[in-house]
Each structure stands twice: as structure tokens, then as C-alpha cells.
Amino acid sequence: MKALFGSRPELARVRREGFGRGIRTVAPLLIGTGIWGLVTGVAMVKVGLTTTQAIAMTLLVFSGTVQLASLPLIAADAPLWVVMLTAVVVNLRFVIFSAGLHPFFRRFSIARRWLLSYFMVDMSFAMFLSRFADAPRDQRGTTEQVWFFLGMSAGSWVVWQTMSIIGIVLAAGVPAEWGLEFTAILALIAMTLPLIAGKPALVGAVTAGVIAVVAAGLPLKLGLLVAVVAGIAAAMATEIMLERHANETGGTT
Amino acid sequence: MSNVEIWLVVVGLTLVTILMRSSFLMLGDYFPLPERVQHGLRYAPVCALVALVTPELFVTQGAFDLSITNPKLVAGLAAVVVTLTTRSMIAAMAIGMLTFTLLRLLPVTA
């Protein structure tokens, strides 16, 4: 354990607690992650990647969305630049995520930031920011927070990679019509609902949900991006209206 | 795609993904985001998660599908109800998957 948490007892305790809390927070979500990883592993091989290529892809890219988005293009023999452009668009949400995490990780060296960003996934970003977004400026990037992120990352990484590699090796095992990847959506539902706290968040969530359906026809997952931007705008507009309303009633009484 | 092309895809996806994941962790030192924008980003996770889910439930093969013969919609709504009443993710996934599988095997004829 000393190798992981260091030898200074007080610091090691804070690190261990943060790490453990991160693992416990992410644990219920890992069933969905595991099944999603398994499905991605199977899909990569079915599209024509060799076992080595598939394992390299899952270890290096470590993003189910990007990996899955690239597979139909690989199957269709699309030009390289089309695959890359698709990846850029699908990844646009990471730009938002990394801006959100910057205040928490700014004290680290460039090398450590690269390492932390490799572990950035939708789930860990959502759980992290919903927990620490209200932390005052001078309490962002504490040891406890960073190790909480590392705990979530370690849990997600181990489960995702293990299940992906099992999927790659088994490949043909699971019939596609079982629709096991749907458990990932069910897991998202169960993790998202408790995060919708307060009127602005509710308005934002409903807006994003509706726009995502309306814009589902847009190519390259652009609908997701439009929905997120619209949802944030709606949430902030609601917040401003509520503030104004509170000020007005506060002024007249 | 040829073997070499697939390797190029693997390397390319690796670079694109790590560059975008690290983008503002690096650039944030030089282009700090205004407090207002950072504040708005608090809503990003919820919006992104909801936006990932709704098309999966309401869109079937590219078309808006608001019928009880849409297994994913019905199963998703079941998961919503279970989550709101029990707060248990395992229960939500179990009931949701059971609903989905039953509807898939026993198609409702409208």
C-alpha cells in the first residue's frame, strides 16, 4: 500500500480515504461499464481488427464512445480523415470536461495532467463535478479530491479493460439480439436522475433531453453537442430569472 | 481497411482523444474561463447524460417512436420509476432489462 499512497502516515490516510470513496462512488456504475466494455471488445473484433489491434485500441484510446463511433467507419473502409473528424466531434465534450476540471488539477505538472486526462471519462467527470463544483476557489484540487478522482478512474479503468479484453477474446460468444449494451443506458438513467437537483438543473436536463431527440438525425453525434449547449443555456437562463424574481419580491416587501 | 490503415486509425484516435481530453487542463493556465462560464459548466454533466439517454429511448432506426411497442422506451420509463421509488441502480437495471427482454420476445401488436 505504501507504494500507492506514500509513506507519510497522515497524507497516506487522506489519499487512501479519497481513493476508497472514489471507488465506492463509482462501483454501482461499473456493471454498466463492464457490459459496455464487453460489447465494445466483441464489436472491435467483429469489424475486423486483429486481437492485438483491438487490445491496443482499448488500452490506448480508453473511450467507448470514440471506439464504437470509429467501428462502422472502419467497416465501411472510410478515409482516415473521416474517422479522425468523427473522433474530434465525438470528443468535443472532453473540451468542456477538461475546462471544468482545470481549477482542480492546475497545480500539477504537465506530465501529470496528461496522465489525469487519459483517465477522463463521462462518468467520473459527472460524479466528480457534481460533488465538488461548489467547493470555494481556494479549496479546489485538494489531495482528497484528486485521490477521489483517481479512485473512480482506477475502478473504471480496471473493469473496462478487463471486460473489453474478455470480449475481444470471446468475440463471437454473445448473440447481438440480447441487446446487452442497453444496460449501459439503464445505468445512465439510474445515475442521472439523482443529479437533477433544483429548478435550473431540471430545466436544463429537459431541454437537453428534448433537443437530443430532435437533433438525433444530425450526423457524427453533433446532436449531443447541440443538446448540451442548449441545456446549459436553458439552465443558466432559469437561474437568472429565479434570481431576478427573488430580488424583485425581496425589494417590495 | 488494410492492416496498416487500422494501425493508423488506432494511433490517430489515441492522439485526438488525449489532446482533446487534456486541452483545457493545459490551455486553462493561459486562457482562464470566466467564472460565469465555469458556473454554467456545472450543468454540463447532467445535460450530457440526459442527452445520451433520450435518443436511445425515443428514436428507433432514425425515427421518433413514442409507442408502447418500443421496448427501449417502455423499459427506460420502468427504470425511471424504479430509480425514483427505490434509488437502487441494480433494481433499475434488473427491472429495465427484464422489461426490455420480455417486450422484445413478446412483441405487443397495436
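The structure contained in this document is the topic of the report that follows. Predicted, not measured: the structure shown is a model, and the values here were computed from it.

This part is about the overall build of chain B. In terms of regular secondary structure, chain B is built from five helices and two strands. Its helices and strands in sequence order give chain B the pattern α-α-α-β-β-α-α, from N to C terminus. Looking at chain B as a whole, 45% of its 110 residues qualify as buried.

Take the environment of A:Pro200 next. Structurally, A:Pro200 is set in helix α12 (residues 199-214). Residues A:Pro200 and A:Leu242, 42 residues apart in the sequence, show an inter-C-alpha distance of 8.7 Å. Setting aside its immediate chain neighbours within four residues, A:Pro200 contacts A:Ala235, A:Thr238, A:Glu239 and B:Tyr43.

Facing 58 residues of chain B, the contacting portion of chain A comprises 75 residues. Elements represented by at least two residues in the side of chain B that touches chain A include exactly α1 (3-27), α2 (35-41), α3 (44-58), α4 (71-86) and α5 (89-105) of chain B. Per-element accounting of the side of chain B that touches chain A gives the leading share, 19 residues, to α1(B). Grouping the amino acids of the side of chain B that touches chain A by side-chain chemistry returns 39 nonpolar, 12 polar and seven charged.

Moving on, we get to helix α8 (residues 110-118) of chain A. Listed in full, the buried residues belonging to α8(A) are A:Arg113, A:Leu116 and A:Ser117. Buried residues of α8(A) fall within an arc of 95 degrees about the axis and therefore sit on the same side. Lining the buried residues of α8(A) we find α7 (92-105) of chain A together with α1 of chain B.

With that settled, consider the packing of helix α5 (residues 64-75) of chain A against α1(B). The interhelical angle for the contact between α5(A) and α1(B), taken along N-to-C directions, is 150 degrees, at an axis separation of 12 Å. Comparing their axes, α1(B) and α5(A) come out roughly antiparallel. Like other packed secondary-structure pairs, α5(A) and α1(B) cross with a definite hand, here right-handed. The segment α5(A) lies against α1(B), with A:Val66, A:Ser70 and A:Ile74 engaging B:Ile6, B:Val9, B:Leu13 and B:Thr17. Among the residues forming the contact of α5(A) with α1(B), the class breakdown is five nonpolar, two polar and no charged.

Within the element layout of this structure, B:Ile95 appears in helix α5. In contact with B:Ile95, not counting residues within four places along its chain, are B:Ala78, B:Ala79 and B:Val82.

So, about the nonpolar core. Counting 103 residues, the largest nonpolar core has A:Leu186, A:Ala190, A:Ala208, A:Ala227, A:Val228, B:Cys47 and B:Ala51 as its most contacted members. With 11 residues, α3(B) is the single largest residue contributor to this core. The contacts of B:Ala51, once residues within four sequence positions are left out, are A:Ala208, A:Gly209, A:Ala212, A:Leu224, A:Ala227, A:Val228 and A:Gly231.

How each quantity is defined
Residues numbered from 1 in each chain as written. Chains lettered and ligands numbered in written order. Predicted model: local features only at pLDDT ≥ 70, side-chain atom pairs only at ≥ 80, totals over all residues. Helix = DSSP H or I, 4+ residues; strand = E, 2+ residues; numbered from the N terminus. Buried ≥ 20, exposed ≤ 12 C-beta atoms within 10 Å, placed from the backbone. Contact = placed C-beta atoms within 7 Å. Nonpolar A, V, L, I, M, F, W, Y, C, P; charged D, E, K, R; others polar. Arc of directions from axis to C-beta. Axes fitted to C-alpha atoms, helices over the stretch in contact; angles between N-to-C directions. Parallel < 35°, antiparallel > 145°, perpendicular 65-115°, else oblique. Left-handed = near helix turned anticlockwise from the far one by under 90°. Core = buried A, V, L, I, M, F, W, Y, C linked by C-beta atoms within 7 Å.

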